Amino acid sequence: HPQIVQQLLAIDGIDVHKATKNILTPLYAACDNGHGQIVQQLLARPDINESVNRQSKNGCSPLYTACEYGHEQVVQHLLARPDISESVNKPVEYK
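Structural notes, computed from the coordinates. Quick caveat, the model's predicted, so the values are computed rather than measured.

Re helix α3 (residues 36–43)
No. 1: Burial analysis of α3 places 6 of its 8 residues in the buried class, which makes it a mostly covered element.
No. 2: Turning to α3, its buried residues number three or more, namely Gly36, Ile38, Val39, Gln41, Leu42 and Leu43.
No. 3: On its buried side, α3 packs onto α1 (2–9), α2 (26–32), α4 (49–52) and α6 (72–79).

Brief notes about a nonpolar patch on the surface
No. 1: Nonpolar side chains collect at one region of the surface, where Ile4, Leu8 and Ile11 lie side by side and expose about 270 Å² of accessible area between them.
No. 2: Note that Leu8 resides in helix α1.

A short note on unusual backbone geometry
No. 1: Even without glycine at this site, Ile23 takes up a positive phi of about 65°.
No. 2: Looking at the element boundaries, Ile23 is found in the loop between α1 and α2.

Quick look at the nonpolar core
No. 1: The biggest cluster of nonpolar side chains holds 18 residues, and the ones touching the most others in it are Leu27, Cys31, Val39, Leu42 and Leu78.
No. 2: At the level of elements, α1, α2, α3, α5 (62–68) and α6 are the ones that each hand at least two residues to this core.
No. 3: Ranked by residues supplied to this core, first place goes to α3 with 4 residues.
No. 4: Setting aside residues no more than four positions away along its own chain, Leu27 makes contact with Val39, Leu42, Leu43, Ile48, Ser51, Val52 and Pro62.

A word on the pattern of salt bridges
No. 1: One pass over the full model with this rule turns up 2 salt bridges.
No. 2: Among the ionic pairs, Asp47 bridges to Arg45, the shortest N-O distance being 2.9 Å.
No. 3: For Asp47, a relative accessible area of 31% puts it in the partly exposed group.
No. 4: Residue classification places Arg45 among the buried residues on the basis of a relative accessible area of 19%.
No. 5: Ionic pairing is found between Arg81 and Asp83, a salt bridge with its closest N-O pair at 2.8 Å.
No. 6: Residue classification places Asp83 among the partly exposed positions, given a relative accessible area of 28%.

Analysis parameters
Residues numbered from 1 in each chain as written. Predicted model: local features only at pLDDT ≥ 70, side-chain atom pairs only at ≥ 80, totals over all residues. Heavy atoms only, no water. Buried < 20%, exposed > 50% of the residue type's maximum accessible area, 1.4 Å probe, protein only. Helix = DSSP H or I, 4+ residues; strand = E, 2+ residues; numbered from the N terminus. Contact = heavy atoms within 4.5 Å. Patch = residues over 30% accessible without salt bridge, like charges linked within 9 Å, V, L, I, M, F, W, Y side chains within 5 Å. Areas by Shrake-Rupley, 256 points an atom, 1.4 Å probe, with all protein chains shown as cover. Salt bridge = Lys/Arg side-chain N within 4 Å of Asp/Glu carboxyl O. Core = buried A, V, L, I, M, F, W, Y, C linked by side-chain atoms within 4.5 Å.

This is the structure:
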């Protein structure tokens, strides 16, 4: 998959922030599934900043979901960024 992602990221004008109806961005999906190499590819993009702390519909950030599923390599990649915010890493309480 990393080779396909590399090809997609090479497309001029690709929107790395395009989200599903549940507000899942490509970065979130890669973090959720533990795809460390793809997370690295996405984090290397200068235009990824908007997605780094973006929460899903449930209120979970990419960092939160990577922690929740024990994806240590992904968590390390995310924590290496100075713009990771701990304030958006907690899910919304359901009532």
